[in-house]
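# Residue-level structural notes
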Amino acid sequence: MATATDRVRLPDENGHFGIFGGRFIPETLMGPVEELREAYEKYLADPAFLAELDADLADYVGRPSPIYHATNLSEKVGGAQIYFKREDLNHTGAHKVNNAIGQALLAKRMGKTRIIAETGAGQHGVATATVAARLGLECVVYMGAEDVERQKANVFRMRLLGARVVPVESGSRTLKDALNEAMRDWVTHIDDTFYIIGTVAGPHPYPAMVRDFQSVIGRESRRQMLDKTGRLPDALVACVGGGSNAIGLFHPFLDDEQVALYGVEAGGDGVETGRHSAPLSAGRPGVLHGNRTYIMEDARGQIIGTHSISAGLDYPGVGPEHSWLKDSGRAHYVAVNDDQAVRAFHEVTLTEGIMPALETAHALSYAMTLAGEMEREQSILVNFSGRGDKDMETVAKMEGWEL
Amino acid sequence: MSRIGEVFEQCRAANRAALVPYVTAGDPRPGDTVDLMHAMVAAGADVIELGMPFSDPIADGPVIQKAHERALKHSVGVHDVLDMVREFRREDGDTPVVLMGYLNPIEYMGVDVFASGAADAGVDGVLVVDAPPEESADLHRAIESRGMDSIFLVSPTTSDERIGIIGRVCAGYVYYVSVKGVTGASGTDWGAVAERVDNLRRLVDLPVGVGFGIGTPEDAASVGRFADAAIVGSAVIRLIEAHGDDREAMLKAIRDLLAGMRRAMDAG
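Report on the accompanying structure.

About the thresholds
Starting from 1, residues in each chain are numbered consecutively following that chain's sequence as written. Lettering for chains starts from A, numbering for ligands starts from 1, and both go in the order in which the items are written. Note on the predicted model: pLDDT of at least 70 is required for a residue's local features to be given, and 80 or more for side-chain atom pairs to be given and counted; whole-chain, interface and lining totals, by contrast, use all residues. Side-chain numbers come from the whole structure's heavy atoms, not from hydrogens or water. Salt bridge criterion: a side-chain nitrogen from Lys or Arg within 4 Å of a carboxyl oxygen from Asp or Glu. Counting from the N terminus, the helices are the DSSP runs of H or I reaching at least four residues and the strands are the DSSP runs of E reaching at least two. Burial classification: accessible surface area is computed with a 1.4 Å probe over protein chains only, and a residue below 20% of its type maximum counts as buried, one above 50% as exposed, and the rest as partly exposed. Axis angles are defined between N-to-C directions and span 0 to 180 degrees, where every axis is a line fitted to C-alpha atoms and, for a helix, only to the segment in contact. If an angle is under 35 degrees, it is roughly parallel; if it is over 145, roughly antiparallel; if it lies from 65 to 115, roughly perpendicular; otherwise it is oblique. Note on definitions: a residue-residue contact is assigned when non-hydrogen atoms from the two residues lie within 4.5 Å. Each residue is assigned to one of three groups, with Ala, Val, Leu, Ile, Met, Phe, Trp, Tyr, Cys and Pro labelled nonpolar, Asp, Glu, Lys and Arg labelled charged, and all others, Gly among them, labelled polar. Two cysteine sulfurs form what is called a disulfide whenever their separation falls within 2.5 Å. Only protein atoms enter the 1 Å grid, on which a cavity is a set of points fitting a 1.4 Å probe that cannot get out and a pocket is an open set with protein on both sides within 12 Å along at least 5 of 7 lines, lining residues being those with an atom within 4 Å of a point. Grid points are joined across faces, edges and corners, and a volume is the space filled by probe spheres set on the points. Buried area is calculated as the accessible area (1.4 Å probe) missing from two parts once they are joined, with the contributions of both summed. We define a polar contact as two N or O atoms separated by no more than 3.5 Å, with the added condition that, inside protein, one atom must be a possible hydrogen donor and the other a possible acceptor, whereas residues neighbouring each other in sequence contribute only through side-chain atom pairs. For two strands to pair, DSSP has to find at least two bridges joining them. To be clear, the arc concerns the directions from the helix axis to the C-beta atoms. Note on terminology: a nonpolar core comprises buried Ala, Val, Leu, Ile, Met, Phe, Trp, Tyr and Cys residues joined through side-chain atoms within 4.5 Å. Classification of ring pairs uses Phe, Tyr and Trp, with its six-membered ring standing for Trp, and accepts pairs whose centres are within 6.5 Å; under 30 degrees between planes counts as stacked, over 60 as edge-to-face, and the remaining range as tilted. When the NZ atom of lysine or the CZ atom of arginine is within 6 Å of a ring's centre and also within 35 degrees of its normal, the charge is said to sit over that ring.

Okay, the pattern of salt bridges next. Following the criterion strictly, the structure yields 50 salt bridges over all chains and no others. Close ionic contact of Arg292(A) with Glu107(B) constitutes a salt bridge, the shortest N to O distance being 2.4 Å. Placement of the pair is Arg292(A) in strand S12 (residues 290-295) and Glu107(B) in helix H5 (residues 103-109), with the two residues belonging to separate chains. Of the residues examined, Arg292(A) reaches a relative accessible area of 16% and is grouped as buried.

Dropping the structure here:
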């Protein structure tokens, strides 16, 4: 097994995390992703770039996001103390903007004038459209036709921000197909276009680059927990679709062996039903969207449709670094079903007065279970990755309300 | 020498470029594929590229995406594709068949099982669109050790250094992607492509096939002037889409298209 230090330094120069990651892409993209890797490595060591990024994260996004001790919830569960890392308080309401800003600034340095993105629930699309509006870049967002229907409010937000939203009608008409279509757009407009991938998937350097932009979450958290409690948390919990908020929280803690890491996948109707989005829990290694990772596939190696109540977790793959963390045993991955997530949504809303995104509710559900098994003196930090406003329609429908 | 090498030798001796049509196996129905292959050979095809259906074909434009979707409705998998090649070989022992597809279904089967099965069925070459040389050493060894050719893409964005890397593992022919884009493009500047192909020839000693965007007999003739092969995909698939319900009309339309291309190429 790799040593702790190796773990933090991954991926290797070819973008591999053990057997995972890499560059499984058509030849036309090989040159552009290499150009991107060079730019990313150059600017991530450039003090002027980092200063601009830090200033934007502070004044535009509102960082650092606070850590909140959820005393009511902790009391109710009666176990470990539960803390929230409040990514829901970021501009645009989720962690996605941390990465969108980083990549958009990079695009600008590279002289690209056109931004494209894929989106599932619409959070990454909104974050990208927001940043593109501010930087004066043309923006096109690919979104599965089914998701366009499910997430009308976010589609409208993107349009108000000046982005063109393209509904994708191919395949299963969801996030994976939006990613396919964005890749096709990129291949066709290589010269002026920068593709802002929203999660830690895609070909190298995306999984490493998106992780690095999201790691601000874990860096802040580590310092804040030490300030607040005098020690590191005993466990970190985050939801995992592609896995960008989870890796952003986990990565700065990888060498802190005493901190347990839990990634929570979407169990949908239940992993045993096959209707879920939990490749780490029930998939196997394969190749999708430019990297080798755990995926969901049928008996012929075709990628299969996924299910989750939360569009943001509805993805048949996962970032390759999570696959590596799973196989190396450093992180644990569990699944939380739709109904459990919705229960957690209500419970946290009622006890703490904070409404989580349905994605985040998956992490909260598992955190409550875990807290119950731990001592009161112990602590759990949950990445409160996004706010629930976008899910009002979904929750209302479940309650039988018309909005 | 492989069957692919022999065909290019013959073409060179006859001072003609090869015509290489593509169809997706199982499109529009599994029972049509072998007949389509024979019809294309009868109309002048020198090599056949046979697509293996995949749920997420990121290098393909809308026309070929739909072909994959139609084939997948019939649950056509890699095993089925190999069966089709085996059936084609019962009547045609000469025309090379190149499988073109994406990595995941091959890896699911296992690269060695796939390579043995393909060689046994009579496959001559394999092109895996999302498996560049850096990531496909095992697959490449499996294909090469069974006497088949590993075919790779070169694109307008491929550096000379990478062309060198590709040239060391590529066999049979190099597939030059004529545009920055997906399959089914149009309005290509063939003069610019010819310059790139000249550069490619200086770096790699293999026949060069050009594809992506050859839609008309005029396109095929233009490409035939500077390349060793014209590869035609979406233009064929469009006819399958248009005539899929009427088998005879579909076969006739494809025969007419390819025969027209062949005539235009032979006329120079």
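All names here are of chain A. In contact at an axis separation of 8 Å, helix H15 (residues 338-352) and helix H16 (residues 358-372) are set at 85° when each is read in the N-to-C sense. Considering their axes alone, H15 and H16 lie roughly perpendicular with respect to each other. Taking contact as the criterion, the partners of Gln-340, Ala-341, Val-342, Ala-344, Phe-345, Glu-347 and Val-348 in H15 are, on H16, Leu-358, Ala-361, His-362, Leu-364, Ser-365 and Met-368. Looking at the contact of H15 with H16 residue by residue, the classes come out as 9 nonpolar, 3 polar and 1 charged.

Here the structure, examined in full by the defined rule, presents 0 disulfides over all chains. The cysteine Cys170(B) is free of any disulfide, with Cys11(B) supplying the nearest cysteine sulfur at 17 Å.

Right, let's get into empty space enclosed by the protein. All names here are of chain A. Counted under the stated rule, the structure contains 7 cavities of 30 Å³ or more. Forming the walls of the largest cavity are 32 residues, and the residues nearest its centre are His-95, Lys-96, Gly-312, Leu-313 and Glu-359. The set of elements that each furnish at least two residues to the lining of the largest cavity consists of strand S5 (114-119), helix H6 (123-135), helix H9 (175-188), helix H12 (244-250) and H16. Along the lines of polarity and charge, the residues of the lining of the largest cavity split into 9 nonpolar, 18 polar and 5 charged.

The interface is formed by 38 residues belonging to chain A together with 36 residues belonging to chain B. Taking both sides of the interface into account, the surface hidden between chain A and chain B amounts to around 2900 Å²; carbon and sulfur atoms contribute 50%. Connecting chain A to chain B are 4 salt bridges. Measuring nitrogen to oxygen at the nearest pair gives 2.7 Å for the salt bridge that ties Glu27(A) to Arg162(B). Counting every contact that joins chain A to chain B gives 21 residue pairs in polar contact (both at pLDDT 80 or more). Those elements that place two or more of their residues in the side of chain A that touches chain B are strand S2 (20-24), helix H2 (27-43), H9, strand S11 (284-288) and S12 of chain A. If one sorts the elements of the side of chain A that touches chain B by residue count, H9(A) sits on top with 8 residues. Grouping the amino acids of the side of chain A that touches chain B by side-chain chemistry returns 13 nonpolar, 13 polar and 12 charged.

This part covers the sheet that holds S12(A). Residue and element names in this part refer to chain A. Taken in spatial order, the 4 strands make up an open sheet running S1-S2-S12-S11, and their pairing is antiparallel. The open sheet terminates on both sides in strands that have one partner only, identified here as strand S1 (16-17) and S11. Looking at chain direction, S1 and S2 are connected through 2 bridges and run antiparallel. When the bridges of S2 are listed, Phe-17 appears paired with Phe-20.

What follows covers the sheet that holds S5(A). All names here are of chain A. If you walk across this open sheet you meet the 4 strands as S7-S6-S5-S8, and the pairing is parallel. The outermost strands of the open sheet, each flanked by one partner alone, are strand S7 (164-168) and strand S8 (193-195). Across the sheet, the axes of successive neighbouring strands diverge by a mean angle of 25°, strand direction being ignored. In the sheet, S5 pairs with strand S6 (residues 138-144) via 6 bridges, with the strands oriented parallel.

So, on to helix H8 (residues 160-169) of chain B. Among all positions in H8(B), only Arg162(B), Ile163(B) and Ile166(B) are buried. One face of H8(B) carries all of its buried residues, which in axial projection span an arc of 105°. Every exposed residue of H8(B) that faces more than 90 degrees away from the buried side is listed here: Glu161(B) and Arg168(B). Those residues of H8(B) that are buried lie in contact with H2 of chain A together with strand S6 (153-154) and helix H9 (190-203) of chain B.

With that settled, the discussion passes to the pairing of strand S10 (residues 260-268) of chain A. Residues and elements named next belong to chain A. When you tally the buried positions in S10, you get 8 out of 9 residues, the bulk of the element. Two strands pair when backbone bridges link them, and strand S9 (residues 235-239) and S10 are joined in this way by 5 bridges, in the parallel orientation. Residue Leu-236 lies in a different strand from S10, and its bridge partner there is Leu-261. Where S10 lies against strand S13 (residues 331-337), 7 bridges are found, and the strand directions are parallel. Residue Tyr-262 lies in a different strand from S13, and its bridge partner there is His-332.

The next subject is the pairing of S11(A). Where S11(A) lies against S12(A), 5 bridges are found, and the strand directions are antiparallel. Residue pairing for S12(A): Gly286(A) is matched across the bridge by Thr293(A).

Here we take up the layout of surface pockets. Of the volumes computed, that of the largest pocket is approximately 360 Å³. As for the largest pocket, its lining consists of 14 residues, of which Arg23(A), Met30(A), Glu34(A), Glu134(B) and Arg162(B) are closest to the centre. Among the secondary structure elements, those contributing two or more residues to the lining of the largest pocket are H2 of chain A together with H8 of chain B. By residue number, the principal contributor to the lining of the largest pocket is H2(A), which donates 4 residues. A class-by-class count of the residues in the lining of the largest pocket yields 2 nonpolar, 4 polar and 8 charged.

Here we take up the nonpolar core. The biggest cluster of nonpolar side chains holds 198 residues, and the ones touching the most others in it are Leu106(A), Leu99(B), Phe114(B) and Val210(B). Per-element accounting of this core gives the leading share, 8 residues, to helix H12 (residues 247-266) of chain B. Leu106(A) has contacts with Leu36(A), Ala39(A), Tyr40(A), Tyr43(A), Phe49(A), Phe194(A) and Met209(A), leaving out every residue within four places of it along the chain. Formed by 35 residues, the second largest nonpolar core is a distinct cluster that contains Ala70(A), Ala235(A), Tyr366(A) and Leu370(A).

All right, on to the packing of H6(A) against helix H8 (residues 152-160) of chain A then. Residue and element names in this part refer to chain A. Viewed as axis vectors pointing N to C, H6 and H8 meet at an angle of 10°, and their least axial separation amounts to 9 Å. In this view, H6 runs roughly parallel relative to H8, as classed from their interaxial angle. Mapping the contact onto sequence places Gln-123, Gly-125, Val-126 and Ala-129 in H6 and Asn-154, Arg-157 and Met-158 in H8.

Let us look at the environment of Met261(B). Residue and element names in this part refer to chain B. For Met-261, the location among the structural elements is in helix H12. It is 7.0 Å that separates the C-alpha atoms of Met-261 and Ala-221, two residues lying 40 residues apart in sequence. Other than its neighbours up to four places away in sequence, Met-261 contacts Leu-19, Ile-214, Gly-215, Thr-216, Pro-217, Ala-220 and Val-232.

Residues and elements named next belong to chain A. Per the counting criterion, the structure on display carries 11 aromatic pairs over all chains. Centroid distance Tyr-43 to Phe-49: 5.7 Å. Interplanar angle 40°. Geometry classified as tilted. By the burial criterion, Tyr-43 is buried, and Phe-49 matches it. Residue placement shows Lys-326 over the ring face of Tyr-294; its charged tip is 5.4 Å from the ring centre.

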